[in-house]
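Working through the structure, step by step
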Amino acid sequence: MKRPLLRVLPALLLLFFIPTSLFANSNPVIAAGGGFGFESLLRGIIGMAFIIFIAWIFSSNRKAISWKVVITGLTIQLALALAILYVPFVQSAFDVLGKVFVKILSFSDAGAKFLFKSFTTGEIEEPLLNFAITILPTIIFFSGLTSILFYFGIIQKVVYFLALGMTKLLRISGPESLSVAGNIFLGQTESPLMIKAYLEKMNRSEIMLVMAGGMATLAGGVLAVYIKVLGGGDPVQELIYAKHLLAASIMAAPGVIIISKMLVPQTEAISKEVSVPKEKIGKNVLDAISNGTTEGIKLAVNVAGMLLVFIALIAMLNYIFVKIGDWTTVNELITSATNGQYNELSLEFILGYVFAPLMWLLGVASEDIDLVGRVLGEKLIMTEFIGYVSLGELKETGAFMQEKSIIMATYVLCGFANFASIGIQIGGIGALAPGKRVLLSQLGMRALLAGTLASLLSATIIGMILG
């Protein structure tokens, strides 16, 4: 273990000292933290080393780990982060992408306004301006738009070039790279459709990456929703978080390859061929729109129901915790110990302080570690949707002491890594490859770990550069 880590650290040091001096006069996307320095570098290295160590500990075959793939993947992630934050033409590209997402969000607003506007004033009445009216229509619209882009082959072309690069640089198979690249735009059960012809022939390590890739990235439709949730209706804020959410999903791709190939190393021969299937969603463009809209409605209803149930469950658990705290005087101890930040025993308090040490290791500001730990816990035991909604509320109330913490939390929450996703993947991917159902169930927890560690790795790198 010591030798590979010693090989990694000099490369990381070199990567940071050189690019930082080259781009010292550039302005980052958002001024957060105290700026890059020795302390942030040290904390970043500690955080990355800890994540890599966890992956090594849980590896199924430590001797088979390719440290070249690990170093290459880390280099790609670091290069992406530096480019997004400091390189002008990359910043401009993300500016354009962010503006496109924000503009498209305004189109979904137009549809929502038509459905819910008052017949007398022509506007949506103030009492109706709620989550269901402003957020759920976005899911439906983006689902329809994704179907159109897929029908015309635009998504497939982008996925092909991303997959080609990952296959060559990170030595993974063509089908694996297609699945991981597809997950940047599609959901965890939609992306495997692109490789359904290969699924039954895939080995253990390949199936692991297909599952982990789905856990680590965000689909375009929900990404648009989180832009709205974190932006709070402010176009400037929406643009800032659009850039970071896009960056989080893209950076997660090499990150999840690193972690997945450590947890279940590749030991068998693989095919490097990258071939995108020609099938289209729908017989024509109108059919594609119809199919996408139908799927979007299902997803929106699912999200609404999921939020209703989970928020109600949180309220029920908190009621029980508060009563326990009253009976045992724990509530008074918590109030005094946290200087009034928490007034009672609650799920938020428990999750925040359970994951707080991990957040400190990753470089989150000390005064915010419990808040970022809380949203990570909510993501894991519930969904990332709950986590992002909580993050948006905490951001609006001014709970965070450093803006850097909010940015890092945005990366921490990236992806569908939660316990429910294990069942979703077993059902969804298992329907495409019935012969792999047992393997899917065996790899479920490892895929969850991989998706979580990949998001934490991206957050650590961004936090280190922001300082």
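Up top you'll find the structure we're talking about.
Here the structure is a predicted model, which means the values were calculated and not measured. (Residues numbered from 1 in each chain as written. Predicted model: local features only at pLDDT ≥ 70, side-chain atom pairs only at ≥ 80, totals over all residues. Heavy atoms only, no water.)

Before going further, it helps to examine the packing of helix 7 (residues 154-170) against helix 8 (residues 174-183). At a closest axis distance of 8 Å, the pairing of helix 7 and helix 8 adopts a crossing angle of 130°. One element, helix 7, and the other, helix 8, form an angle in the oblique class. With respect to the hand of their crossing, helix 7 and helix 8 are arranged in right-handed fashion. Side by side, helix 7 and helix 8 meet where Val159, Tyr160, Leu162, Ala163, Met166 and Thr167 of the first sit next to Gly174, Ser177, Leu178, Val180, Ala181 and Gly182 of the second. Considered class by class, the residues forming the contact of helix 7 with helix 8 number 8 nonpolar, 4 polar and no charged. (Axes fitted to C-alpha atoms, helices over the stretch in contact; angles between N-to-C directions. Helix = DSSP H or I, 4+ residues; strand = E, 2+ residues; numbered from the N terminus. Parallel < 35°, antiparallel > 145°, perpendicular 65-115°, else oblique. Left-handed = near helix turned anticlockwise from the far one by under 90°. Contact = heavy atoms within 4.5 Å. Nonpolar A, V, L, I, M, F, W, Y, C, P; charged D, E, K, R; others polar.)

Summed over the entire model, instances satisfying the criterion amount to 6 aromatic pairs. With 5.3 Å between their ring centres and 85° between their planes, Tyr151 and Phe152 make a pair best called edge-to-face. In this structure Phe152 comes out as exposed when scored by relative accessible area, which is 51%. On the numbers, 4.9 Å between centres and 40° between planes, the contact of Phe349 with Tyr353 is tilted. On the criterion of helical spacing, the pair formed by Phe349 and Tyr353 is a turn pair, its members being 4 residues apart in helix 15 (residues 347-361). Accessibility expressed as a relative area gives 37% for Tyr353, which makes it partly exposed. (Phe/Tyr/Trp six-rings, centres within 6.5 Å; stacked < 30°, edge-to-face > 60°. Buried < 20%, exposed > 50% of the residue type's maximum accessible area, 1.4 Å probe, protein only.)

Before going further, it helps to examine unusual backbone geometry. One non-glycine residue with positive phi stands out, namely Arg171, at about 55°. With phi around 65°, Thr329 is a residue other than glycine that occupies positive phi space. Residue position: Thr329 is located in the loop between helix 13 (285-328) and helix 14 (330-337). For Thr329, a relative accessible area of 41% translates into the label partly exposed.

Now for the side chain of Lys436. If you trace the backbone, Lys436 turns up in the loop between helix 19 (419-432) and helix 20 (437-466). Within the buried core, Lys436 has no salt-bridge partner, and the shortest N-O distance to an opposite charge, that of Glu200, equals 5.6 Å. Polar side-chain contacts of Lys436 include one of 2.7 Å to the backbone oxygen of Met202. (Lys, Arg positive; Asp, Glu negative; His and termini not counted. Salt bridge = Lys/Arg side-chain N within 4 Å of Asp/Glu carboxyl O. Polar contact = N/O pair within 3.5 Å; in protein donor to acceptor, adjacent residues only side chain to side chain.)

With 15 residues, helix 15 extends 22 Å between its outermost C-alpha atoms, agreeing within 8% with the 21 Å of an ideal straight helix rising 1.5 Å per residue. Of all the positions in helix 15, only Leu347, Glu348, Phe349, Leu351, Gly352, Phe355, Ala356, Leu358 and Met359 are classed as buried. Taken from the residues just after helix 15, Gly363 is the one with a positive phi, measuring 105°. (Expected span 1.5 Å × (residues − 1).)

A contiguous patch of positive charge, built from Lys68, Lys168, Arg171 and Lys272, is present on the exposed surface. Considering the arrangement of structural elements, one finds Arg171 in the loop between helix 7 and helix 8. When its relative accessible area of 42% is taken as the criterion, Arg171 is described as partly exposed. (Patch = residues over 30% accessible without salt bridge, like charges linked within 9 Å, V, L, I, M, F, W, Y side chains within 5 Å. Areas by Shrake-Rupley, 256 points an atom, 1.4 Å probe, with all protein chains shown as cover. Charge placed at Lys NZ, Arg CZ, Asp CG, Glu CD.)

Attention shifts here to the pattern of salt bridges. Side chains that differ in charge, positive against negative, can pair when their charged atoms come close. The final tally for this structure, using the stated rule, is 5 salt bridges. Lys261 is the partner of Glu176 in a salt bridge, and the nearest nitrogen-oxygen pair spans 2.5 Å. With a gap of 85 residues between them, Glu176 in helix 8 and Lys261 in helix 12 (residues 235-263) connect regions that are remote in the sequence. The pair Glu176 / Lys261 is uniform in exposure class, with both members buried. Where Lys395 meets Glu396, a salt bridge forms, and the shortest distance between an N and an O atom there is 3.8 Å.

Quick look at the side chain of Thr460 now. With respect to the helices and strands, Thr460 occurs in helix 20. According to the relative accessible area criterion, Thr460 is buried, its value standing at 0%. Those residues in contact with Thr460 that lie beyond four places of it in its chain are Gly44, Gly47, Met48, Ile51, Leu362 and Met408.

Moving on: helix 18 (residues 403-412). Judged by how many residues are buried, helix 18 sits mostly within the fold: 9 of 10 residues are covered. Of all the residues in helix 18, the buried ones are Lys404, Ser405, Ile406, Ile407, Met408, Ala409, Thr410, Tyr411 and Val412.

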